[in-house]
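Close look at the chain arrangement
Residue-level listing of the chains:
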Amino acid sequence: MPSLSYTSRQELEQHSFPPAVTLLVPVAAIVLQVLLSKLYWRLDILDLPLIVAIFFAVSRRSPAAGTLTGAAIGLAQDALTGRPIGVNGMAKSVIGYIAASIGVQVDVDSLVTRVVMNFGFSILNSILLFLINRRLLGQAEVHVQWVHELIRALANTVVAIPIFFLLDLTKRPE
């Protein structure tokens, strides 16, 4: 008679990554983000560090790890882009926490889920950055252009899907 297992979804599908992938992929995303936006200003619409933060958070399925990953990636992005230190760190740590929390409950390997997640988190990132700049930093000149943010979310989603599939190749089950 087969035995029933009461193992949680988190224990079954939690993934780890080789240390080189854990370090090099976020660094490469940040450096590529900086270089692409300097080479061609229209590529500034992409947020590669956000995509990488979302991927690692949902794959590890640990809210604490997702928060720390998002904060580290965001702070490194702030250091290299000239934004006030902590702006991206705060936004990406919130997104990392929420993404990891969702990763525990939902099948995040589904294409539809990935599209919805990336689009939603890109919009959330824009809202968080607006609130941080406007409310915490007191920059009254900061405004949200919703059409631009929707286009940004769509562009990030289109770029995120192949990146997610490539990064899936580096996963190792724990």
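Relevant structure appears above.
In short, a report on the structure. These numbers were taken from a predicted model, which means no experiment stands behind them. (Residues numbered from 1 in each chain as written. Predicted model: local features only at pLDDT ≥ 70, side-chain atom pairs only at ≥ 80, totals over all residues. Heavy atoms only, no water.)

Relative to each other, helix α4 (residues 63-81) and helix α5 (residues 87-105) sit at 155 degrees, their axes nearing to 7 Å. Here α4 is positioned roughly antiparallel relative to α5, judged by the angle of their axes. Crossing geometry of α4 relative to α5 is assigned as right-handed. Residues P63, G66, T67, G70, A71, I73, G74, L75, Q77 and D78 of α4 lie in contact with α5, whose contacting residues are V87, N88, G89, K92, S93, G96, Y97, A100 and S101. (Axes fitted to C-alpha atoms, helices over the stretch in contact; angles between N-to-C directions. Helix = DSSP H or I, 4+ residues; strand = E, 2+ residues; numbered from the N terminus. Parallel < 35°, antiparallel > 145°, perpendicular 65-115°, else oblique. Left-handed = near helix turned anticlockwise from the far one by under 90°. Contact = heavy atoms within 4.5 Å.)

Per the stated rule, a full pass over the model turns up six salt bridges. D47 is paired through a salt bridge with K92; the nearest N and O atoms lie 3.3 Å apart. Residue D47 is found in the loop between α2 (19-39) and α3 (48-60), and its partner K92 is found in helix α5; the two are separated by 45 residues along the sequence. The same class applies to D47 as to K92, namely buried. Linking D109 and K171 is a salt bridge whose minimum nitrogen-to-oxygen distance equals 3.1 Å. With D109 in the loop between α5 and α6 (111-136) and K171 in the loop between α7 (146-168) and β2 (172-173), this pair connects stretches of sequence that are 62 residues apart. Residues joined by salt bridges that share partners form a network here, namely D109, R114, D168 and K171. (Salt bridge = Lys/Arg side-chain N within 4 Å of Asp/Glu carboxyl O. Buried < 20%, exposed > 50% of the residue type's maximum accessible area, 1.4 Å probe, protein only.)

Moving on: the environment of Q139. Secondary-structure assignment places Q139 in the loop between α6 and α7. The partly exposed category is assigned to Q139, whose relative accessible area is 24%.

Moving on: empty space enclosed by the protein. According to the stated counting rule, one finds one cavity of 30 Å³ or more in the structure shown. Around the largest cavity sit F55, V58, S59, R61, V108, D109, R114, F164 and K171, which together line it. Here the lining of the largest cavity takes three residues from α3, the largest share from any one element. Grouping the amino acids of the lining of the largest cavity by side-chain chemistry returns four nonpolar, one polar and four charged. (1 Å grid on protein atoms, 1.4 Å probe; cavity = no way out; pocket = protein on both sides within 12 Å on 5 of 7 lines; lining within 4 Å. Points joined across faces, edges and corners; volume = space filled by probe spheres on them. Nonpolar A, V, L, I, M, F, W, Y, C, P; charged D, E, K, R; others polar.)

Before going further, it helps to examine α7. Over its 23 residues, α7 runs 32 Å from end to end, which matches the ideal 33 Å to within 8%, given 1.5 Å per residue. Residue A160 marks the point of greatest curvature in α7, where the axis turns by about 30 degrees; the proline P162 follows within four residues. Among all positions of α7, only E149, A153, N156, T157, A160, I161, F164 and L167 are buried. On its buried side, α7 packs onto α2, α3 and α6. (Expected span 1.5 Å × (residues − 1). Bend = angle between axes of the 7 residues up to and from the residue.)

Tracing the sequence through the fold places Q77 in helix α4. Within the structure, Q77 has its side chain in polar contact with the side chain of D47 (distance 3.4 Å). (Polar contact = N/O pair within 3.5 Å; in protein donor to acceptor, adjacent residues only side chain to side chain.)

In short, the description is geometric, and any link to function would need to be established separately.
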